[in-house]
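A closer look at the structure
The primary structure of each chain is shown beneath.
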Amino acid sequence: MSAGAFQAGDPPLVLASASSARRAVMEAAGLRFEALAAAVDEAAIKESARAEGIPAADAAMMLAEAKARRIAARRPEALVIGCDQILVLEDRWFDKPASPAEARAHLEALRGRTHRLVTAVLCWRGGQRVWQHVATPRLTMRPVSDAFLDAYLALEAEAVTSTVGAYRLEGPGIHLFDALEGEQASILGLPLLPLLGFLRQHGVLLR
Ligand SMILES: Nc1nc2c(ncn2[C@@H]2O[C@H](COP(=O)(O)OP(=O)(O)OP(=O)(O)O)[C@@H](O)[C@H]2O)c(=O)[nH]1
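Residues numbered from 1 in each chain as written. Predicted model: local features only at pLDDT ≥ 70, side-chain atom pairs only at ≥ 80, totals over all residues. Heavy atoms only, no water.

Moving on, we get to the layout of surface pockets. Taken as a whole, the largest pocket holds about 670 Å³ of empty space. Together, 29 residues line the largest pocket, and Ser-19, Arg-22, Lys-96, Ser-162 and Thr-163 are the ones closest to its centre. Elements with a contribution of two residues or more to the lining of the largest pocket: α1 (20-28), α2 (42-51), β3 (79-89) and α6 (184-188). Among the residues forming the lining of the largest pocket, the class breakdown is 12 nonpolar, eight polar and nine charged. (1 Å grid on protein atoms, 1.4 Å probe; cavity = no way out; pocket = protein on both sides within 12 Å on 5 of 7 lines; lining within 4 Å. Points joined across faces, edges and corners; volume = space filled by probe spheres on them. Helix = DSSP H or I, 4+ residues; strand = E, 2+ residues; numbered from the N terminus. Nonpolar A, V, L, I, M, F, W, Y, C, P; charged D, E, K, R; others polar.)

Taken together, 19 residues lie near the ligand, and Ser-17, Ala-18, Arg-22, Lys-67 and Leu-188 sit nearest. A distance of 2.8 Å separates an oxygen atom of the ligand from a polar atom in the side chain of Glu-42. Interatomic distance of 2.8 Å between a side-chain N/O atom of Glu-170 and a nitrogen atom of the ligand. Taking 630 Å² as the accessible area of the ligand by itself, protein coverage stands at 92%. (Near = heavy atom within 4 Å. Polar contact = N/O pair within 3.5 Å; in protein donor to acceptor, adjacent residues only side chain to side chain. Areas by Shrake-Rupley, 256 points an atom, 1.4 Å probe, with all protein chains shown as cover.)

Let's shift gears to the pattern of salt bridges. Under the criterion given, the structure shown has 12 salt bridges. Linking Asp-95 and Lys-46 is a salt bridge whose minimum nitrogen-to-oxygen distance equals 2.7 Å. In this pair, Asp-95 sits in the loop between β4 (92-94) and α4 (100-110) while Lys-46 sits in helix α2, placing the two residues 49 residues apart along the sequence. Note on Asp-95: relative accessible area 40%, which makes it partly exposed. The salt bridge partner of Glu-65 is Arg-129, with a shortest N-O separation of 2.6 Å. Taken together, the residues span a long stretch of sequence, with Glu-65 in helix α3 (residues 56-72) and Arg-129 in strand β6 (residues 128-135) at a distance of 64 residues. On the basis of relative accessible area, Glu-65 is assigned to the buried category, the value being 15%. (Salt bridge = Lys/Arg side-chain N within 4 Å of Asp/Glu carboxyl O. Buried < 20%, exposed > 50% of the residue type's maximum accessible area, 1.4 Å probe, protein only.)

Attention now goes to helix α5 (residues 146-156). One turn of the α-helix equals 3.6 residues, which is why residues spaced by three or four share an orientation. Among the residues making up α5, those that are buried are Leu-149, Tyr-152, Leu-153 and Glu-156. Down the axis of α5, the buried set is contained in an arc of 95 degrees. They therefore lie on one face. Turned more than 90 degrees off the buried face of α5, the exposed positions are Ala-147, Ala-154 and Leu-155. Looking at the buried residues of α5, the elements they touch are α4. One or two positions beyond α5, positive phi appears at Ala-157, with a value near 50 degrees. (Arc of directions from axis to C-beta. Contact = heavy atoms within 4.5 Å.)

Here it is as structure tokens:
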């Protein structure tokens, strides 16, 4: 399917993200878009949100908006999509692990428990937020053995540092789980069904 088969020509779509998984979700849906990474100090925003007791969903939305606004300044004619995902286990927030060793520590904390992927997406156009949505898929991880973790980390190697949960659900990460609740695209970082609904309503996609 050629990209953009369902798309009106205007406005151009821009995904304000460096995430290969988010790009893959948009490409698989046949959307024509440009992906631009937004240089935003996510750690600083997250840290101050935490310090102010701001809930994860609001913090993720703040981050998504910061990325969208940054890119909208370069693409004023576009409809810009910003996203952010925070992994929450009870009251702990997890970021992408900085190393395979940190990935192992994350997985040891997550195994045998259910965590949430608080996933915010928003659309920015003409200098304002025109749509927003938060999806919160819940993932129940098996109480995997140390031997399994050894094998999993050896297989995934550096890939475990590119995702917020140290797993790629569309890859070997599926072996970690007993149960999943929520849209797979949301788990990958982009709530696609709600976004497509908005794009149709906004006249960007054919109904
Ligand atoms: N491939 C894959 N990526 C996942 C999965 N779960 C979460 N992610 C990714 O984990 C990352 C979450 O971190 P974010 O800070 O939201 O995004 P990012 O990677 O920094 O990219 P930006 O949008 O540029 O901030 C995103 O890239 C998600 O796509 C998964 O199961 N598979």
